[in-house]
Amino acid sequence: MTGPDQFPQFPPGFVWGVATASYQIEGAVTEDGRGPSVWDTFSHTPGRTHDGDTGDVADDHYHRYPEDLDLMAGLGVNAYRFSIAWPRIQPTGEGPVNPAGLAFYDRLVDAMLAKGITPAATLYHWDLPQALEDKGGWTQRDIPHYFAEYTAAVADKLGDRVGLWCTLNEPFIVTAFGYVLGVHAPGRQLFTDAFAVAHHQLLGHGLAVEALRAANVTGTIGVVNALAPVHPDSDDPADHVAAGILDTLMNRTYTDPLLLGRYPEETPAVYAGADLSVVKDGDLSTISTPIDFFGVNFYNPHRVRAAAPEQFGTGPLNFETVEYPGVPTTAMGWPVVPEAFTELLTGLHERYGEKLPPIYITENGAAYDDEPGPDGRVRDDDRIAYLDRHLRAVHAAMAAGADVRGYFCWSFLDNFEWAEGYQKRFGLVRVDYETLERTPKASYDWYRSVIALAAAVGP
Ligand code: GBH
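Because the structure is predicted, anything quoted here is derived from the model rather than measured. (Residues numbered from 1 in each chain as written. Predicted model: local features only at pLDDT ≥ 70, side-chain atom pairs only at ≥ 80, totals over all residues. Heavy atoms only, no water.)

**Student:** Can you tell me about the overall build of the protein chain, naming the residues and giving the values?
**Tutor:** Across its full length, the protein chain holds 15 helices and 13 strands. Over its C-alpha atoms the protein chain spans a radius of gyration of 21 Å, differing by no more than 12% from the 23 Å that the globule rule assigns to 459 residues. Looking at the protein chain as a whole, 60% of its 459 residues are labelled buried. Considering only contacts within the protein chain whose residues lie at least 6 apart along the sequence, 77% involve residues at least 24 apart. Here the protein chain has roughly 16,700 Å² of accessible surface; of this, 51% comes from carbon and sulfur atoms. In the protein chain, 32 positive and 62 negative side-chain charges are present, and the distance between their average locations comes to 3 Å. (Helix = DSSP H or I, 4+ residues; strand = E, 2+ residues; numbered from the N terminus. Rg over C-alpha atoms; globule rule 2.2 N^0.38 Å. Buried < 20%, exposed > 50% of the residue type's maximum accessible area, 1.4 Å probe, protein only. Contact = heavy atoms within 4.5 Å. Areas by Shrake-Rupley, 256 points an atom, 1.4 Å probe, with all protein chains shown as cover. Lys, Arg positive; Asp, Glu negative; His and termini not counted. Charge placed at Lys NZ, Arg CZ, Asp CG, Glu CD.)

Written as structure tokens, this is what we have:
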């Protein structure tokens, strides 16, 4: 593995950051008037998460954020992507704001700014107020309107200090994992309503952009998608068709309406049984309201082949995923294919051309089975190699013309990895879940030297 001294040069002003999300790190779930979210309900339902883990305490970041920001400052990052818990701001998702909830993020943002760290706030990283799920959640058209009201309340308080606003995190994962497969909160297994879940999230994004613009926020505005190239397993045309189905299902059904103002022609077939009447006049122009940046989360590509149609979630999907031959995997079992990151970024450029705003890599990282040595130190060479190779892949895409402005490593701290609980660790900093003690891993030092090197050459 190459050391940071041989690292490719990123342009002056490139943003170096780390990312987290509220329910994964905060804990303090009943404090200062926070209401329950779908993740409280889901994680407290027996059998839903690994070992029954919940976010009740998580990293206790709600109380330990000063220490966390000290560690972040030590890393030298110039931005921090965190998320705001909607049920702290509005315990039932509607109505008057809870001042104590807003005050937490007010303190957090000021503490970041005092350290020269730009706040990058995500408004929705999956913790929907449970009261809104009780009304039907994202299947319902009033949820996007509640989301816009919540956004306006946050913008009113933080609009003068947040540098980057991310409306939604990964709407496809919410649709697929939360409402179709049922492996994430709210744990529903819908069929024909899956498309409504996708559409209403996208509409919520558009209305939130309008609310942020109306509030005259000083920061830039974007949305975050989990994107992945889909590769056919062979040259067989049927495998190419299969790859197209998954590409439409997970990527283009989200990126096309956001950037082109229309759904792909194939969306109704892929979201079989979709009730397209949920798309009302004007929705697509709201959804495609111009944004300032496009957030991309990348973990791994997918390889698929044609398969006999199986009634699965959204409909009869004629594909199955297969393994990448000869490729290492992370502790999640996800294949490590950095070239696909370059392909993804240059592919976005090709498909969307001048409709594509500048890109931020809002998440990229890996889980490994970290074992601390006798000195308590985690020597996570595998994570360093993953990050090294993926940053080089981003650089290669930039050399080929992709307009990437920054990179946020997932994740700053080990945290509650959703259905996988605390077993899977993505952090640059280790968390001991008995003592909640934080210990930087070798990857923390590595990332610090990458950032320091970039700072030494620019601006
Ligand atoms: C992100 O989601 C989330 O934003 C974040 O909260 C989370 O902690 C983090 O990633 C790590 O999981 O079919 O085996 O190839 C990532 C969504 C969905 C991306 C599954 C990778 C590959 C599964 N992921 N996907 S596989």
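**Student:** So what's going on with the nonpolar core? Which residues, and what values?
**Tutor:** Core analysis: the biggest nonpolar cluster contains 138 residues, and Val 18, Trp 165, Phe 294 and Tyr 447 have the highest contact counts within it. Apart from residues lying up to four places away in sequence, Val 18 is in contact with Met 72, Leu 75, Val 77, Ala 79, Tyr 80, Arg 81, Phe 408, Cys 409, Phe 412, Leu 428 and Tyr 447. Counting residues in hydrophobic clusters, the runner-up holds 16 residues, among them Ala 21, Leu 164, Tyr 299 and Ala 367. (Core = buried A, V, L, I, M, F, W, Y, C linked by side-chain atoms within 4.5 Å.)

**Student:** Requested: an account of empty space enclosed by the protein, with residues and values cited.
**Tutor:** Taken as a whole, this structure holds 2 cavities of 30 Å³ or more when the rule is applied. In terms of lining residues, the largest cavity is bounded by 14 residues, among which Trp 39, Tyr 124, Trp 126, Val 174 and Ala 185 are the most central. Elements with a minimum of two residues in the lining of the largest cavity: helix 2 (38–43) and helix 8 (171–180). Top contributing element to the lining of the largest cavity by residue count: helix 8, with 5 residues. Counted by class, the lining of the largest cavity contains 11 nonpolar, 2 polar and 1 charged residues. Quantified by volume, the second largest cavity comes out at close to 30 Å³. As for the second largest cavity, its lining consists of Ser 22, Tyr 23, Glu 26, Gly 27, Val 29, Arg 34, Ala 85, Arg 88 and Asp 127. A breakdown of the residues in the lining of the second largest cavity according to their chemical character gives 3 nonpolar, 2 polar and 4 charged. (1 Å grid on protein atoms, 1.4 Å probe; cavity = no way out; pocket = protein on both sides within 12 Å on 5 of 7 lines; lining within 4 Å. Points joined across faces, edges and corners; volume = space filled by probe spheres on them. Nonpolar A, V, L, I, M, F, W, Y, C, P; charged D, E, K, R; others polar.)

**Student:** Which residues make up the UniProt feature "active site" (unreviewed entry) in the protein chain, and what values do they have?
**Tutor:** The positions that UniProt labels "active site" (unreviewed entry) are, in the present scheme, Glu 170 and Glu 363. Over a stretch of 194 residues, the named residues converge on one spot in the fold, their C-alpha atoms separated by at most 10.6 Å. Along the chain, Glu 170 turns up in the loop between strand 4 (164–169) and helix 8. Filtering out sequence-adjacent residues up to four positions away, Glu 170 remains in contact with Trp 126, Val 224, Asn 225, Ala 226, Asn 297, Tyr 299 and Glu 363. For Glu 363, the position within the fold is in strand 10 (residues 359–363). If we skip the residues at most four places from it in the chain, Glu 363 touches Ala 19, Arg 81, His 125, Asn 169, Glu 170, Val 296, Asn 297, Phe 298, Tyr 299, Phe 408 and Trp 410. (UniProt positions renumbered as here; feature names shortened; annotations may be inferred.)

**Student:** Give a description of the pattern of salt bridges that names residues and reports values.
**Tutor:** Counted according to the given criterion, the structure contains 32 salt bridges. The partner of Arg 161 in a salt bridge is Asp 110, and the shortest N-O contact between them spans 2.9 Å. Placement of Arg 161 in the loop between helix 7 (142–158) and strand 4 and of Asp 110 in helix 5 (residues 99–114) is noted, with a sequence separation of 51 residues between them. On the accessibility criterion, Arg 161 (18% relative accessible area) is buried. In this structure, Asp 233 engages Arg 305 in a salt bridge whose closest nitrogen and oxygen atoms are separated by 3.8 Å. Of this pair, Asp 233 sits in the loop between strand 6 (230–232) and helix 10 (237–260) while Arg 305 is found in strand 8 (residues 302–312), placing the two residues 72 residues apart along the sequence. We classify Arg 305 as partly exposed; its relative accessible area is 35%. Salt bridges sharing common partners tie together Asp 247, Arg 252, Asp 256, Arg 262, Glu 266 and Arg 351. (Salt bridge = Lys/Arg side-chain N within 4 Å of Asp/Glu carboxyl O.)

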